[in-house]
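# Topology and contacts: notes
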Amino acid sequence: EQQLGEFKVWYDKNKDSFEAFQQSSARPAYWNVYDTNEPNMQGTLQSMMKHLGGFRRIAQNTCWKMRYDTYNNDYNSATTDIIAVIKLGQNMHGQGTIIEQLVGIAIEAVGIGVIFENGKKVDWPEEKLGEIQTQLEQDIDKPVITLDGEKAFMYDYIQQSFTDD
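Here we summarise the structure given alongside this text. These figures come from a predicted structure and were not determined experimentally. (Residues numbered from 1 in each chain as written. Predicted model: local features only at pLDDT ≥ 70, side-chain atom pairs only at ≥ 80, totals over all residues. Heavy atoms only, no water.)

Attention now goes to the nonpolar core. Ile 82, Leu 88, Met 92, Ile 107, Trp 124 and Ile 132 are the most contacted members of the largest nonpolar core, which totals 23 residues. The set of elements that each furnish at least two residues to this core consists of α3 (52-71), α4 (75-91) and α5 (98-119). Here this core takes eight residues from α4, the largest share from any one element. Those residues within four positions of Ile 82 in sequence are excluded, and the remaining contacts are Cys 63, Met 66, Gly 111, Val 114, Ile 115 and Ile 132. (Core = buried A, V, L, I, M, F, W, Y, C linked by side-chain atoms within 4.5 Å. Buried < 20%, exposed > 50% of the residue type's maximum accessible area, 1.4 Å probe, protein only. Helix = DSSP H or I, 4+ residues; strand = E, 2+ residues; numbered from the N terminus. Contact = heavy atoms within 4.5 Å.)

Time to look at the layout of surface pockets. The space that makes up the second largest pocket amounts to roughly 190 Å³. The wall of the second largest pocket is formed by Gln 3, Leu 4, Phe 7, Trp 64, Arg 67, Tyr 68, Thr 70, Tyr 71, Asn 118 and Val 122. Elements represented by at least two residues in the lining of the second largest pocket include exactly α1 (2-25) and α3. By residue number, the principal contributor to the lining of the second largest pocket is α3, which donates five residues. Its residues assigned to classes, the lining of the second largest pocket shows six nonpolar, three polar and one charged. (1 Å grid on protein atoms, 1.4 Å probe; cavity = no way out; pocket = protein on both sides within 12 Å on 5 of 7 lines; lining within 4 Å. Points joined across faces, edges and corners; volume = space filled by probe spheres on them. Nonpolar A, V, L, I, M, F, W, Y, C, P; charged D, E, K, R; others polar.)

Encoded structure:
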C-alpha cells in the first residue's frame, strides 16, 4: 500500500506528461527533426540516438501506470495507456534509421508483454481486450523495417566523396 501511495503521488506530479504522451502517440506519424553540424556519419548517428532513451522511459512508466490502473480496476485508463505504448512503437515502424525502428519494435513488445504479464493476474474485460487487439491489427500491413534512412546516409556519403563539401 505504501508503494501504491508513493506511485500515486509521483503520477499526480507527472500527469500532464502522461496526457501529452497519449495525445502524441495517437497521431498517425512519427518523425524527428535532426539538427547536427557533425562532419561525419558517426557523429550524426550519435546525435540521433539521444532521444531514444526518453521513448523507452515514457513507455516503461506508462506500463507502470497501466499496472496501477488495473490494480484499481480502472480498465478504461489502463487500455488507453497500453494502446499509447503500442501505438508509439507502431508509429516508429518503417521510419527513421534502423536503430530507431528497432527501438520502436522493442517499445511495442514492452506494451504487448505487459498485457500478457498483467492478464495472468487480472481478469480484463473482454471489450477492452478487443480494443487492444484492434490496435495491434491496425498497422499489420505497414512495413516494420525499411532501410531508407541508411540508404540516405550512403547516398550522402557517396555524394561527399565526389564533392568538396
